[in-house]
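# Structural overview for review
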Amino acid sequence: MKKFLSILLLGLLSLALYGCNDDTPTDRIEITFWHMSPVGSASFSDTRRIITEFNQSQDVYFVKGTGFSFWDYWDKIAVAISSRTAPDIGLSTIDDVPIRAEAGVLYNLSELIEADPDGIEIDQLYDSQLSFATYDGHLYALPFTATTRVLYYNLDMFTAAGLSADDVPTTWSELHTVAKQLDIVQGSSIQQLGFDPTYGNATYHGYLWQAGLDFFDEDLNPTLNTQGHIDVLQWMIDFNSEFTRSQLTAFGDANTMLGINPFAGERVAMMIEVDSLYQTIKEAGADFNFGVTSIPVPDDGGIRVNWGSGFSVEMYDNNKNTPDKKAGAWEFLKYLMSKDTQKDLSETNGWIMAHQGAMLEVAEGDAIMTRILEEVAYARDKVYVPYAPSWHGNDWQSYYNDALTGKKTAAQALADARANYLQKKANWEATR
Amino acid sequence: MSELMLPKQKYRSRKKRARIVRLILHIVLLLCSLVFVFPFLWMLVTALKTPAELLRGIDVFFPAKPQWSNFIDAVQKIPFFMYLKNSLIIVVLVVFGTVMSATTAAYAFAKLRWKGRDKWFIVMLATMMLPIQVILIPTYVMYSWIGWLGTRLPMIVPAFFGGGAAFYIFLMRQFFKGIPKELTESAIIDGANHFQIFLKIMLPLSKPAIVTVALFTFMGTWNDYFGPLIFLSNPDHWTLALGLRAFQTQYGGQYNLMMAASILIMLPTLIIFFFAQKTFIEGIKFTGIKG
Amino acid sequence: MGKTISIIKMRKQENLIGYLFASPWLFGLIVLGFFPILMSFYFSFTNYNMVSAPKIIWFENYRILLTNDNLFWKSLGITLYHVVIAVPLGIFVGLFLAFLLNSKIKGISIYRTLFYLPNVVSVVAMTLLWMWLFQPNFGLINQLLKPLYDLFKMEPLGWYLDQDLSKLTLILMGLWTAGGSMVIYLAQMQDIPVTLYESADIDGASWFKKMIHITLPLMTPSIFFNFIMGLIGSFQVFTIAYIMTGGGPSRSTYYYAYYLFDKMMNDNAMGMASAMAWILLVIVLIVTVFALRLNKYVFYLGEDS
């Protein structure tokens, strides 16, 4: 028994020391690429095919792709970047490119583009996204994907309520009128809800933008203290005033990680959500009729805008990369950003890719996708605030919630939130 | 006569009472089990759902038509057996290493008098108080310096040196302290040294505790995905727990497959637990020991 | 005579042997643990953002946290609330389960395995279960309580979505994994010498008396263990709030470790997060050192009392 145990341990130890070797051909330069399609995910085999096609197209470089689950990718890349062991090429978020550019962990892509002007079809990319990837006048990343928010509406529910696609609202007041016709209440419990401004992926700053307002001024000082700000928040609070807030929260409870969504679950007739909900519904094979349209705007002077973001694709400078590796990463980046690959990636992942020409071809014959794509042109990304990078999320959430539950008035919640941003700003400046 | 009858009657009524007590116990246990079995049941029904049923979230409990093929899909979509091999390599070595380093250190803390022992004890507890996230990056940097990235060493070697074992050292210490002093002292008088005492008295007498340590280490390592995610750079070294994460896509998606695979990787832990807890019944009792 | 000398000699050697036995752990701590721990201490005096090189700002992080950060104190308070309720409750439930499962009835192995199940199922499965049970609108618990709500004409409880109940709901959810400490209690129960029970039987002691006078005192080493571990663990409570409530509603479950996590991942303020970690270490260390004084009430069979 003891002998067996020690042999087993020894065997395992030697296995542990000599793992499988990777399969890079020895005569090629290995380029590492990190993505979000791990082995086993639905998009894995196509992602691997896309990489293999590149490897077969030339015989100098060999790209080795590693996929991590979307939920794990950020931890992995953050640790890798800070320890300077990042892959040669990888994905990240586009709104905070400047902090990485400033730290010198990214290669200056403008230089590479200058030397190789036909490499990337820059004019096919969205200007607003490019400006986010720019630091000090140079591009340090390229937009890889784009996201956008639209109003989803359940046509079956419209029909059941005696409405049609023509009744889909375009302004806030229309939205309210139509939503009320779609509410179904049984006794004290909600069975179906027309619309709620807090559901799905709608955000307060999204509504603010539509009303021509914002969280911060040009110098990144928090605003929030005007009557306009209060009015927008109040509109959100009062939209479904006939129900209590806890009723509304409970009914609309969602969990992205678990894929629980009130619109997909056919509980809500209209909801603001990101473009990927379309993919989720389509892939799950849901059998209800639905459509998408622009998010309704305020009645007077409303601005057609929605919050959109995206992934960036970046080349990491670990301070020890050979010129060969840099050149190889650039070759692969060009391949990734080419029209054909972008088209392929969109079909593989269900993403909206940054390449506009590629996306027009992907969306051909798909009415909903075409409609979603139209909205991308009106997408605006949130500003990166160094003292509060999560200003729209954690920093705002509790004040927002206090206002919704009536614990604080809209004005009070906004004033408190503003005070918090100011405190964060002062604290951040003190650590510079 | 009556004096003769009495013990028998007493015995009978006692037996009857014991039966009632046992019945009540069964009922209580069954009710409690229900509460504890629920998560597993939930996993099972989720594993058998179609994507469309998943989308309806918590509205649907039982799948209309159980999708047993999800289990096959889950195994085929990931290199299940490669991951299994990797998990086994890491788990077996970590369990072995942790039991070794935890029991030796615990013996030092429980039974030996050495300078600075109590201070080191506090230090040991303190190592558990620092949230792991803040030492993650420096640890990673350190491993990259000594060239361990791309190997399995970061997952295995620390276990042999008490890495993450503070919990188990403390646990073993509590058990060792419960072993009567007379045993060790008489062994010393018989000429045994501390290594012999440790191997021949301490370890055999604390079998339930060692099983507990091994069990917890096994569970912790087997289910850990974060350590492998950060420290295993080579995907060929990935473990089951990490490999499973592939089913957790950005927007929900395949968590029926995830549950199916989770059940498959859970089964060995359950079987191991089933056998491990048996030592808690046969457990060692110090019958013949006199104070 | 010879034997006495050998005992004295061994005592002298004990110092060396003590270090020898502790050496694998000590070696690991000093060689593998020292550098990361020292670095995090150093980061706490810098404005490190995990990307750029850190710049030393001395005590600025500590000053800000202690004097100009409302959330620091708020999250600390929430964490203390959690510790004070969750630790005793966890011990109680774990002990209760252990007593329940320390009998020799048929099928006890099955019961134990079932009770341990929640410790092995995936976190996602647990989350779904909790939602299914506690979700205010569709959850099983509110469905069962509906007659009561109707009777008292009250609004259904909001559980984790209600800011007054959310902390307690999370504590309740945490009890599902009490099977872990149950295992430790069960293991300890096997170490109790049968002779003690036998002599108690001769004295005619009842089951209850045996529990109070024999089992419970001899269980104190593992109760003490679970208490200290519960303290250390509860001060770092995070995952359950991260998954179930996102720290909300209205920051009611915004635990200290959650705030630390946000500082690191959302504010990119690793320096600040490290300072928070070291403040937490000091707090927990002080509490633990006080808690260790309870050691004198712990009954170790192997030591003179």
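Everything numeric in this text was worked out from a predicted model, so none of it was measured.

### A closer look at a positive patch on the surface
Among the surface-exposed residues, K15(B), K16(B), R19(B), R22(B) and K106(C) lie close enough to one another that they form a single positively charged patch. Locating R22(B) in the fold gives a position in helix 1 (residues 2-47).

### Some details on the environment of L109(A)
The topology assignment puts L109(A) in helix 5 (residues 109-115). In this structure L109(A) touches L139(A), Y140(A), A141(A), L142(A), M315(A) and L333(A), once residues within four positions along its chain are discounted.

### Topic: the sheet that holds strand 3 (residues 89-93) of chain A
Residue and element names in this part refer to chain A. Read across the open sheet, the five strands follow the order 2-1-3-14-6; overall the sheet is mixed. In the strand order of this sheet, the two ends are held by strand 2 (61-67) and strand 6 (142-143), each with one partner. Relative to strand 3, strand 1 (residues 29-35) is paired through two bridges, and the arrangement is parallel. Looking at the pairing, W34 lines up with G90 of strand 3. Each of strand 1 and strand 2 touches helix 2 (residues 44-57); the most contacted strand, strand 2, lies at about 170 degrees to it. Across the sheet, helix 13 (residues 323-337) is in contact with strand 1, strand 2, strand 3, strand 6 and strand 14 (311-315); its angle to strand 1 comes to roughly 45 degrees.

### Quick look at the packing of aromatic side chains
Geometrically, a pair of aromatic rings is defined through the distance of the ring centres and the angle of the planes. In total, this model carries 82 aromatic pairs over all chains according to the counting rule given. Each ring, one from Y107(B) and one from F198(B), has its centre 5.4 Å from the other, and the planes form 55 degrees; the classification is tilted. Here the residue Y107(B) occupies a position in helix 4 (residues 80-111), and F198(B) occupies one in helix 10 (residues 194-205), the gap between them amounting to 91 residues. With a relative accessible area of 1%, Y107(B) lands in the buried category. Relative to F21(C), the ring of F195(B) lies with its centre 5.0 Å away and its plane at 20 degrees, an arrangement referred to as stacked. Placement of the pair is F195(B) in helix 10 and F21(C) in helix 1 (residues 2-43), with the two residues belonging to separate chains. Residue F195(B) is classed as partly exposed on the basis of its relative accessible area of 39%. Taking the relative accessible area as the measure of exposure, F21(C) reaches 3% and is therefore buried. Taken together through their ring pairs, the aromatic side chains of F109(B), W114(B), W120(B), F121(B), F167(B), Y168(B), F170(B), F216(B), Y19(C), W25(C), F224(C) and F225(C) make up a single cluster. One Lys or Arg, R380(A), reaches over the ring of W209(A) and ends 4.4 Å from the middle of that ring. Between R173(B) and the ring centre of F121(B), over which it is positioned, the NZ or CZ distance is 4.3 Å.

### Quick look at the nonpolar core
In this structure, L142(A), F144(A) and L125(B) are the most contacted members of the largest nonpolar core, which totals 287 residues. The element best represented in this core is helix 4 of chain B, accounting for 16 residues. In contact with L142(A), not counting residues within four places along its chain, are L109(A), I120(A), I122(A), L125(A), L130(A), F311(A), S312(A), V313(A), L333(A) and M337(A). In terms of nonpolar packing, the next biggest core, distinct from the first, is built from 45 residues, V168(A), L175(A), F216(A) and Y387(A) among them.

### Points about helix 16 (residues 367-376) of chain A
All names here are of chain A. Of all 10 residues in helix 16, seven are buried; the element is thus mostly enclosed. Among the residues of helix 16, those classed as buried are I368, M369, R371, I372, L373, E375 and V376. Where helix 16 begins, one side-chain oxygen reaches toward the backbone nitrogen of I368, 3.3 Å away; that side chain belongs to D366.

Cut-offs and rules
- Residues numbered from 1 in each chain as written.
- Chains lettered and ligands numbered in written order.
- Predicted model: local features only at pLDDT ≥ 70, side-chain atom pairs only at ≥ 80, totals over all residues.
- Heavy atoms only, no water.
- Patch = residues over 30% accessible without salt bridge, like charges linked within 9 Å, V, L, I, M, F, W, Y side chains within 5 Å.
- Areas by Shrake-Rupley, 256 points an atom, 1.4 Å probe, with all protein chains shown as cover.
- Salt bridge = Lys/Arg side-chain N within 4 Å of Asp/Glu carboxyl O.
- Lys, Arg positive; Asp, Glu negative; His and termini not counted.
- Charge placed at Lys NZ, Arg CZ, Asp CG, Glu CD.
- Helix = DSSP H or I, 4+ residues; strand = E, 2+ residues; numbered from the N terminus.
- Contact = heavy atoms within 4.5 Å.
- Pairing = 2+ DSSP bridges.
- Axes fitted to C-alpha atoms, helices over the stretch in contact; angles between N-to-C directions.
- Phe/Tyr/Trp six-rings, centres within 6.5 Å; stacked < 30°, edge-to-face > 60°.
- Buried < 20%, exposed > 50% of the residue type's maximum accessible area, 1.4 Å probe, protein only.
- Lys NZ or Arg CZ within 6 Å of the ring centre and 35° of its normal.
- Core = buried A, V, L, I, M, F, W, Y, C linked by side-chain atoms within 4.5 Å.
- Polar contact = N/O pair within 3.5 Å; in protein donor to acceptor, adjacent residues only side chain to side chain.

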